[in-house]
Amino acid sequence: IYKYRKIFAIYMVMTLVTHAILISSNSLTVGFFDVGQGDSSYLYYKGKYIQIDTGGTAFSSYNPGVEITKRAIKKRGINKIDLMILSHLDLDHVGGVKSMLESKMIDTIILGESERASDIYLDIMGGHEDKIITLNENSKLDIDEDLSIRFLNVGTKSLNSNDNSLVCLVQYKDNKILYT
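So, a few notes on the structure that sits alongside this text. Values in this document were obtained by computation on a predicted structure and should not be read as measured data.

As a further point, take the environment of Lys48. Of note, Lys48 is situated in strand 3 (residues 48–52). Given a relative accessible area of 44%, Lys48 falls into the partly exposed group. C-alpha separation for the pair Lys48 and Asp82, spaced 34 residues apart in sequence, amounts to 6.2 Å. The contacts of Lys48, once residues within four sequence positions are left out, are Leu43 and Asp82.

This is the structure:
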């Protein structure tokens, strides 16, 4: 480190400045983690962190939900996920949730109604049911006057779990993002 102390110092200053801008910013930050197959994205707004899925896999001992998503959240200095939105309980979407629950990182989880009957639900959520909110069709969460999330496709019951996915329409001022 001593040999590269100037580069290291510049890197640390840049990291602190970026983090300070994110914390003090009143704008919406949208990001995505590359977890291979599956999804993992986040919204950061006025000091609130919202995670949508975590990624994961059922085919390997390497779990992108933990190794990528959880590590990246921690690396950014975020110790609490205010809201975790889970589209559905396939492991390529929720592989990091159990580890994050065990680490007490998650405050509240939003989940579609049809997911409560699955074995994966019992494995991941067992003992954490008090953190889970299930929604009705077209439920809307107003963060403030500029940011809201409408939840769609809540009650679908298909044999294909992807068809049961909770769909989120995020609206920030005049901009919309659809998570399918």
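Right, picking up where we left off after that structure.
Our focus in this paragraph is unusual backbone geometry. Positive phi, normally seen in glycine, also occurs at Asp53, with a value near 60 degrees. Mapping Asp53 onto the fold places it in the loop between strand 3 and helix 2 (64–75). Phi is positive for Lys173, close to 55 degrees, though the residue is something other than glycine. Here Lys173 shows up in the loop between strand 9 (167–172) and strand 10 (175–179).

You can see Ser165 is positioned in the loop between strand 8 (147–152) and strand 9. A polar side-chain atom of Ser165 sits 2.8 Å from a polar atom in the side chain of His88. If we ignore the near neighbours within four places in the chain, the residues touching Ser165 are Ser87, His88, Leu152 and Asn153.

Judged by nonpolar contacts, the single largest core of 24 residues is most densely connected at Leu86, Val97, Ile109 and Met125. Among the elements of the structure, strand 2 (41–45), helix 2, strand 4 (81–86), helix 4 (97–102), strand 5 (106–111) and helix 5 (119–125) are those that each provide at least two residues to this core. Dropping the residues within four chain positions of it, Val97 is found in contact with Thr54, Leu86, Ile106, Ile109, Ile124 and Met125. Residues Leu43, Ile50, Ile52 and Ile149 belong to the second largest nonpolar core, which totals 18 residues.

Tallied over the full model, the rule gives 4 aromatic pairs. Taking the centre distance of 5.2 Å and the plane angle of 35 degrees together, the rings of Phe33 and Tyr42 count as tilted. According to the relative accessible area criterion, Phe33 is buried, its value standing at 10%. Overall, Tyr42 belongs to the buried group, its relative accessible area being 10%. On the numbers, 5.6 Å between centres and 15 degrees between planes, the contact of Tyr42 with Tyr49 is stacked. With respect to class, Tyr42 is no different from Tyr49; both count as buried.

Rules and cut-offs
Residues numbered from 1 in each chain as written. Predicted model: local features only at pLDDT ≥ 70, side-chain atom pairs only at ≥ 80, totals over all residues. Heavy atoms only, no water. Helix = DSSP H or I, 4+ residues; strand = E, 2+ residues; numbered from the N terminus. Buried < 20%, exposed > 50% of the residue type's maximum accessible area, 1.4 Å probe, protein only. Contact = heavy atoms within 4.5 Å. Polar contact = N/O pair within 3.5 Å; in protein donor to acceptor, adjacent residues only side chain to side chain. Core = buried A, V, L, I, M, F, W, Y, C linked by side-chain atoms within 4.5 Å. Phe/Tyr/Trp six-rings, centres within 6.5 Å; stacked < 30°, edge-to-face > 60°.

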